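Architecture and fold: a report
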Amino acid sequence: HKEYTAEENVVYADFETFTIEGKLVVYAVGYQVNDDPIQILYGEHALSKFIEMLLSLKKKHKLIFYNRSRFDLFFIRKYLEDKSIEIKKYLLSDG
């Protein structure tokens, strides 16, 4: 079989959440940048650490989420809006 090779400038990610007082909260983020090792962040700052990593990337990257962007992207968008960080453009996709 052939070895899988990721596209360049791609971040693969998945968020794990639980509910606190009726509100979904991210408690873990698993991600991989290109073919780099998979990283897992846990705890109340997992989302902010992940977003800081995204903002530190030198080039534009495509974000691919396990559960489609309609769920995971919501948390990123809210975080950026709460921090008054401009969102220039994003695309929601079902596939």
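Scroll up a little and you will see the structure.
Let us look at the structure shown here. Computed from a prediction, not measured in an experiment: that's the story for all the values here.

1. Some remarks on the overall build of the protein
Looking only at helices and strands, the protein has 2 helices and 4 strands in total. Seen in sequence order, the protein has helices and strands lined up from the N terminus as β-β-β-α-β-α. Put simply, the protein has 95 residues, and 29% of those count as buried. Surface exposure of the protein reaches about 7,500 Å², of which carbon and sulfur atoms provide 52%.

2. So, the pattern of salt bridges
Tallied over the entire structure, the rule returns 2 salt bridges. Of the charged contacts, one joins Glu81 and Arg77 as a salt bridge, the two residues approaching to 3.0 Å between their closest N and O atoms. Here Arg77 and Glu81 lie together in helix H2 (residues 69-82), a separation of 4 residues that amounts to about one turn. Across the salt bridge formed by Asp82 and Lys78, the nearest N and O atoms sit 3.0 Å from each other. In this pair, Asp82 and Lys78 both sit in helix H2, 4 residues apart, roughly one turn of the helix. Its relative accessible area of 54% is what places Asp82 among the exposed residues. Under the relative-accessibility criterion, Lys78 is labelled partly exposed at 35%.

3. A closer look at unusual backbone geometry
Excluding glycine, residues mostly have negative phi values, and the peptide bonds linking residues are mostly trans. Phi is positive for Asn34, close to 50°, though the residue is something other than glycine. Note on placement: Asn34 falls in the loop between strand S2 (23-33) and strand S3 (39-42). Of note in this structure, Ser84 is not a glycine but carries a positive phi near 60°. Among the secondary structure elements, Ser84 is positioned in the segment after H2.

4. Examining the packing of aromatic side chains
One pair of aromatic rings is described through two measures. These are the centre distance and the angle between the planes. The tally for this structure, following the rule as stated, stands at 7 aromatic pairs. With centroids separated by 5.5 Å and ring planes inclined at 70°, the aromatic side chains of Phe15 and Phe65 adopt a geometry described as edge-to-face. Taken together, the residues span a long stretch of sequence, with Phe15 in strand S1 (residues 10-20) and Phe65 in strand S4 (residues 62-65) at a distance of 50 residues. Phe65 shares its class with Phe15; the two are buried. Their ring planes at 75° and their centres at 5.4 Å tell us that Phe74 and Phe75 sit as a pair that is edge-to-face. In this structure an aromatic cluster arises from ring pairing among Phe15, Tyr31, Phe50, Phe65, Phe71, Phe74 and Phe75.

Rules of the game
- Residues numbered from 1 in each chain as written.
- Predicted model: local features only at pLDDT ≥ 70, side-chain atom pairs only at ≥ 80, totals over all residues.
- Heavy atoms only, no water.
- Helix = DSSP H or I, 4+ residues; strand = E, 2+ residues; numbered from the N terminus.
- Buried < 20%, exposed > 50% of the residue type's maximum accessible area, 1.4 Å probe, protein only.
- Areas by Shrake-Rupley, 256 points an atom, 1.4 Å probe, with all protein chains shown as cover.
- Salt bridge = Lys/Arg side-chain N within 4 Å of Asp/Glu carboxyl O.
- Phe/Tyr/Trp six-rings, centres within 6.5 Å; stacked < 30°, edge-to-face > 60°.

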